[in-house]
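Architecture at a glance
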Amino acid sequence: MYDYFKGKVTRQHHEYIVLDVNGIGWQIYTPNPYIFRITDEDQQIFVHMHVREDAQLLFGFRTLEERELFRKLIQVSGIGPK
């Protein structure tokens, strides 16, 4: 399991960001992609990897507390990660 990625945000979309980590662009879904700035500075993003039979998705968060709240919420029946 991944805990966090550290790299440069190279693109923002209304659902996700692209984080360049050593030349690999990771598509990471976030609740608000616009809180992550496109800069030349590395940013640390805490991630949760959600695996289902048709997809493997990464969800990213600014803090550990945000990620822990997300993990608690998706344990509730009927609530999915998106």
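See above for the structure.
Quick look at the structure, then. Each chain has its residues counted from 1, following the order in which its sequence is written. Restriction of local features to residues with pLDDT of at least 70 applies here, the model being predicted, together with a cutoff of 80 or more for giving and counting side-chain atom pairs; totals for whole chains, interfaces and linings are based on all residues. Values shown for side chains rest on all heavy atoms present in the structure; no hydrogens or waters enter the calculation.

This part takes up the side chain of H48. Think of it this way: any DSSP run of H or I at least four residues long counts as a helix, any run of E at least two long counts as a strand, and we number them from the N terminus. Turning to its location among the elements, H48 is positioned in strand 4 (residues 43–52). Each residue gets one of three labels from its accessible area relative to the maximum for its type: buried under 20%, exposed over 50%, partly exposed in between, using a 1.4 Å probe on protein chains only. A relative accessible area of 11% places H48 in the buried class. In this structure the side chain of H48 is engaged in a polar contact, spanning 3.1 Å, whose partner is the side chain of R71. Any pair of nitrogen or oxygen atoms within 3.5 Å is treated as a polar contact; in protein, a donor-acceptor pairing is required on top of that, and neighbouring residues in sequence qualify only through side-chain atoms on both sides.

For the rest of this paragraph, the subject is a nonpolar patch on the surface. On the surface, L69, L73, V76 and I79 cluster together into a nonpolar patch covering about 340 Å² of accessible area. In this structure, V76 sits in the segment after helix 1 (64–73). Patch definition: residues above 30% relative accessible area lacking any salt bridge, with like charges linked at up to 9 Å and the nonpolar side chains Val, Leu, Ile, Met, Phe, Trp and Tyr linked at up to 5 Å. Each accessible area value is a Shrake-Rupley result obtained with a 1.4 Å probe; residue values ignore everything except the protein chains displayed when judging cover. Here a salt bridge means any side-chain nitrogen of Lys or Arg lying within 4 Å of a carboxyl oxygen belonging to Asp or Glu.

This part covers the sheet that holds strand 1 (residues 4–12). Pairs of strands are assigned from DSSP output, requiring at least two bridges between the strands. One closed barrel holds the 5 strands; their spatial order is 1-2-3-5-4, and the pairing between them is mixed. When strand polarity is set aside, the average angle formed by the axes of neighbouring strands in this sheet is 55 degrees. Sheet topology places strand 3 (residues 24–29) next to strand 5 (residues 55–61); 2 bridges connect them, and they run parallel. Bridge assignment links Y29 to a residue of strand 5, and that residue is F59. Whether two residues are in contact is decided by their heavy atoms: any pair within 4.5 Å suffices. Angular values range over 0 to 180 degrees, each being the angle between N-to-C directions of two axes fitted as lines to C-alpha atoms, with helices fitted over their stretch in contact. Across the sheet, helix 1 lies against strand 4 and strand 5, angled at about 15 degrees from strand 4, the strand it touches most.

What follows is about the packing of aromatic side chains. Two measures describe an aromatic ring pair: the distance that separates the ring centres and the angle between the ring planes. Between the rings of Phe, Tyr and Trp (Trp by its six-membered ring), a pair exists once the centres lie within 6.5 Å; its type follows the angle of the planes, with under 30 degrees stacked, over 60 edge-to-face, and the other angles tilted. For the structure shown, the criterion picks out 8 aromatic pairs. Seen in terms of ring centroids, Y2 and F5 are 5.2 Å apart; in terms of plane orientation they differ by 45 degrees. Their pairing is tilted. Taking 4.9 Å as the distance between ring centres and 45 degrees as the angle between the ring planes, the aromatic pair formed by F61 and F70 counts as tilted. Like F70, F61 is buried. An aromatic cluster of at least three residues, connected via ring pairs, comprises Y16, Y29, F59, F61 and F70.

With that out of the way, let us pick up the nonpolar core. F5, V9, I17, L19, V21, I28, F36, I45, V47 and L58 together form the largest nonpolar core, which totals 10 residues. Take this core: its biggest share by element is 3 residues, from strand 2 (residues 16–21). Not counting residues up to four positions away in its chain, the partners in contact with F5 are L19, V21, W26, I28, Q43, Q44, I45, V47 and L58. In these notes, a set of buried Ala, Val, Leu, Ile, Met, Phe, Trp, Tyr and Cys residues joined through side-chain atoms within 4.5 Å is what counts as a nonpolar core. Within the second largest apolar cluster, 8 residues are counted, among which are Y16, Y29, A55 and F61.

Attention shifts here to the pairing of strand 2. Within strand 2, 5 of the 6 residues are buried, leaving the element largely enclosed by the surrounding structure. Examined bridge by bridge, strand 1 and strand 2 share 4 bridges and lie antiparallel to one another. For Q12, the partnering residue across the bridge sits in strand 2 and is I17. The loop that links strand 1 with its antiparallel partner strand 2 comprises 3 residues. Across 6 bridges, the pairing between strand 2 and strand 3 is antiparallel.

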